[in-house]
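So the chains spell out like this:
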Amino acid sequence: MAWRCSGGSNEQLVENMWRSGLITDPRAKEAFLKVDRAHYAPHSPYEDSPQYIGHEATISAPHMHAMAIENVMPYLKPSATSPAPRVLDIGSGSGYLTHLLAELVGEKGLVIGLEHIPALRQIGEDNMRKSTEGMKLLDTGKVQFRLGDGRLGLKEPARAGEEDHGTDWDVIHVGASAKELHKTLLDQLKAPGCMFIPVDDDESGVMQSVWRISKDQGGKVTKKNICGVRYVKLTDPPI
């Protein structure tokens, strides 16, 4: 049912994804309803298709964001071992998924959007400030947008109260296709933790697959190929 969920409003779009089984978790549905895609997509915001946002980047189709959320959902919930989930959104682009993730990590969670192009980092932050809730998330520091090379991940110091729970990431989402599953990102994933990452299937990069990488409490890594995809590349900034 992917690509068939377009609606005339944010609510219609989300309800269509819910009825199609692309969103199955009620908490995820609530987050999608709270974050208006019109603040992030340059035109036809409720159409279930990717859109160009400039700087050789796109905002993914809504059904792809739903797929990402559904696959990492168990690791977004605060727990005894991780009361303040930490999420790294690499290639945050428009900021839409960054905002969705922030609605799911609980009151003490942290979501950082990482971009390698200054203009895109600014676009994500500016888009979030279009809503009262987005401004609040930014002003409290629950959501931050940073500049850096996503292939290297991000070393983020523990905030007050997080010292006993480590500084790695409960969830790493990668919004661009990598040439490989970068060891640095895997090393920065908590145990337990989950990564959602598209990876090139061959050297040409024409064929890509999105993978769900899970790390259990003991550090054992499990990889699951979800489906074929077409993403922009996780590369150096364009010249």
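Reading guide: rules and limits
- Residues numbered from 1 in each chain as written.
- Predicted model: local features only at pLDDT ≥ 70, side-chain atom pairs only at ≥ 80, totals over all residues.
- Heavy atoms only, no water.
- Helix = DSSP H or I, 4+ residues; strand = E, 2+ residues; numbered from the N terminus.
- Rg over C-alpha atoms; globule rule 2.2 N^0.38 Å.
- Buried < 20%, exposed > 50% of the residue type's maximum accessible area, 1.4 Å probe, protein only.
- Contact = heavy atoms within 4.5 Å.
- Areas by Shrake-Rupley, 256 points an atom, 1.4 Å probe, with all protein chains shown as cover.
- Phe/Tyr/Trp six-rings, centres within 6.5 Å; stacked < 30°, edge-to-face > 60°.
- Lys NZ or Arg CZ within 6 Å of the ring centre and 35° of its normal.
- Axes fitted to C-alpha atoms, helices over the stretch in contact; angles between N-to-C directions.
- Parallel < 35°, antiparallel > 145°, perpendicular 65-115°, else oblique.
- Left-handed = near helix turned anticlockwise from the far one by under 90°.
- Pairing = 2+ DSSP bridges.
- Salt bridge = Lys/Arg side-chain N within 4 Å of Asp/Glu carboxyl O.

Asks: Is there a simple way to explain the overall build of the protein in this structure?
Replies: The number of helices and strands found in the protein is seven helices and nine strands. A compact globule built from 239 residues should have a C-alpha radius of gyration of about 18 Å, and the protein, at 16 Å, falls within 12% of that. Expressed along its principal axes, the backbone C-alpha trace of the protein runs to roughly 45 × 45 × 35 Å. For the protein, the proportion of its 239 residues judged to be buried stands at 51%. Put simply, 59% of the contacts in the protein that link residues at least 6 apart link residues at least 24 apart. As presented, the protein carries roughly 11,000 Å² of accessible surface, and 52% of it is formed by carbon and sulfur atoms.

Asks: Help me out: how do you make sense of the packing of aromatic side chains in this one?
Replies: We describe a pair of aromatic rings using the distance from one ring centre to the other and the angle between the two ring planes. Counting across every chain of the model gives two aromatic pairs. Taken together, a centroid distance of 6.4 Å and an interplanar angle of 70° make the contact between Phe 32 and Tyr 96 edge-to-face. Residue Phe 32 is located in helix H2 (residues 26-34), and its partner Tyr 96 is located in helix H4 (residues 96-102); the two are separated by 64 residues in the primary sequence. Of the two residues, Phe 32 and Tyr 96, neither departs from the other in class, the shared state being buried. Members of the aromatic cluster, joined through ring pairs, are Phe 32, Tyr 40 and Tyr 96. Just above the ring of Tyr 96 sits the side chain of Arg 37; from NZ or CZ to the centre is 5.9 Å. Taking NZ or CZ as reference, Arg 86 lies 5.0 Å from the ring centre of Trp 169, over its face.

Asks: Help me out: how do you make sense of the packing of helix H1 (residues 10-19) against H2 in this one?
Replies: Any two packed helices are characterised by how steeply their axes cross, that is the angle between the axes, and by the distance between the axes. Two numbers describe how H1 lies on H2: the axes approach to 9 Å, and their chain directions differ by 160°. Classed by the angle they form, the pair H1 and H2 counts as roughly antiparallel. Crossing geometry of H1 relative to H2 is assigned as right-handed. From H1, Asn 10, Glu 11, Val 14, Glu 15, Met 17 and Trp 18 reach across to H2, where they touch Pro 26, Lys 29, Phe 32 and Leu 33.

Asks: Can you walk me through the environment of Gly 218 in this structure?
Replies: Its place among the elements puts Gly 218 in the loop between strand S8 (208-215) and strand S9 (221-229). Along the primary structure Gly 218 and Ile 172 are separated by 46 residues, whereas in three dimensions their C-alpha atoms are 18 Å apart.

Asks: I would appreciate a short explanation of the sheet that holds strand S7 (residues 189-200) in the present structure.
Replies: Two strands in a sheet stick together by hydrogen bonds in their backbones, pointing the same way (parallel) or opposite ways (antiparallel). Judged by pairing direction, the sheet is mixed, and its seven strands sit side by side in the order S5-S4-S3-S6-S7-S8-S9 without closing on themselves. Looking along the sheet, the strands with just one partner apiece sit at the ends: strand S5 (143-147) and S9. Pairwise comparison of adjacent strand axes, ignoring direction, gives a mean angle of 15° for this sheet. In the sheet, strand S4 (residues 110-115) pairs with S5 via five bridges, with the strands oriented parallel. Along S5, the bridge assignment pairs Glu 115 with Leu 147. The strands that helix H3 (residues 62-72) touches are strand S6 (169-174), S7, S8 and S9; relative to S7, the one it contacts most, it runs at about 155°.

Asks: Would you mind going over the pattern of salt bridges with me for this structure?
Replies: Two side chains of opposite charge can pair, provided their charged atoms sit close to one another. As enumerated under the stated definition, the model contains 11 salt bridges in all. For Arg 86, the salt bridge goes to Glu 162, with nearest N and O atoms at 2.9 Å. With Arg 86 in strand S3 (residues 86-90) and Glu 162 in the loop between S5 and S6, this pair connects stretches of sequence that are 76 residues apart. Residue Glu 162 is classed as buried on the basis of its relative accessible area of 5%. Its salt-bridge partner being Arg 129, residue Glu 125 comes within 3.8 Å of it at the nearest N-O pair.

Asks: Help me out: how do you make sense of unusual backbone geometry in this one?
Replies: Backbone phi values are negative for most residues with the exception of glycine, while trans is the configuration of most peptide bonds. Residue Pro 192 is bonded to the preceding Ala 191 through a cis peptide linkage, with omega at 10°. As for its position among the elements, Pro 192 is in strand S7. Unusually for a residue other than glycine, Ser 44 sits at a positive phi of about 40°. Looking at the element boundaries, Ser 44 is found in the loop between H2 and strand S1 (51-54). Notably, His 55 is not glycine yet its phi reads approximately 60°, a positive angle.

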